[in-house]
Amino acid sequence: MAKVGDKVPSATLMHKGADGIKPVSTDELFGPGKKVVLFAVPGAFTPTCSAKHVPSFVANFDAIKAKGVDTIACVSVNDAFVMDAWGKDQKSDGKVMMLADGNGEFAEKMGLVMDGSKFGMGKRSQRYAMIVDGGVIKTLNVEAPGAYEVSSGEAILKAL
């Protein structure tokens, strides 16, 4: 599993914007001189993710940005179309970049895969949030299975 002090692994995520779907390299997203908050969720449109997790970052957007954060991003093992629709549903446009890890490549490289097969979800990402500065993980808050305590927007704001 990734840990504080590690470099964020290289992977390609997908983002749907006004110009269609484009690849997003983690090497570029977390590049030199960039401070990024990224949180991962097991699935778009799922209860905790929709009712609490994304809203906590949307609500704390201004305060998080005021701490020198360049980008706030959400990643899930879903496709870019689903992540875009979910972002619109969550009113996250311009605040939280919704990134698709459709094949679970990033979740695997982070060592943070969970098996949601008993729920019909297959392999997904564990719920976590991290602060990355210049490509290096400075804070990594991984939730216990079924929990939502340490990866919220409020928890990350305190860590900043």
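Residues numbered from 1 in each chain as written. Predicted model: local features only at pLDDT ≥ 70, side-chain atom pairs only at ≥ 80, totals over all residues. Heavy atoms only, no water.

Quick notes on unusual backbone geometry
A positive phi angle, close to 65 degrees, is found at Phe-45, a residue other than glycine. With respect to the helices and strands, Phe-45 occurs in the loop between strand E3 (35-41) and helix H2 (47-59). We classify Phe-45 as partly exposed; its relative accessible area is 45%. (Helix = DSSP H or I, 4+ residues; strand = E, 2+ residues; numbered from the N terminus. Buried < 20%, exposed > 50% of the residue type's maximum accessible area, 1.4 Å probe, protein only.)

Comments concerning the packing of aromatic side chains
Per the counting criterion, the structure on display carries 2 aromatic pairs. Residues Phe-45 and Trp-86 carry aromatic rings whose centres are separated by 6.3 Å and whose planes lie at 45 degrees to one another, so their mutual orientation is tilted. Of the two residues, Phe-45 is situated in the loop between E3 and H2 and Trp-86 in helix H4 (residues 80-89); the sequence distance between them amounts to 41 residues. Take Trp-86: its relative accessible area is 0%, and that puts it in the buried class. (Phe/Tyr/Trp six-rings, centres within 6.5 Å; stacked < 30°, edge-to-face > 60°.)

What to know about the environment of Ala-11
Relative to the elements of secondary structure, Ala-11 occurs in the segment before strand E1 (12-17). Here Ala-11 falls in the buried class, since its relative accessible area comes to 6%. When the C-alpha atoms of Ala-11 and Met-121 are compared, they prove to be 22 Å apart, with 110 residues separating the residues in sequence.

Brief notes about the pairing of E3
Across the 7 residues of E3, 6 count as buried, placing the element largely inside the fold. Pairing geometry for E3 and strand E8 (residues 128-133), over 6 bridges, is antiparallel. Each residue of the ladder has a partner; that of Phe-39, found in E8, is Ala-129. As paired elements, E3 and strand E4 (residues 71-76) share 6 bridges and run parallel to each other. Across the sheet, the residue bridging to Phe-39 is Cys-74, located in E4. (Pairing = 2+ DSSP bridges.)

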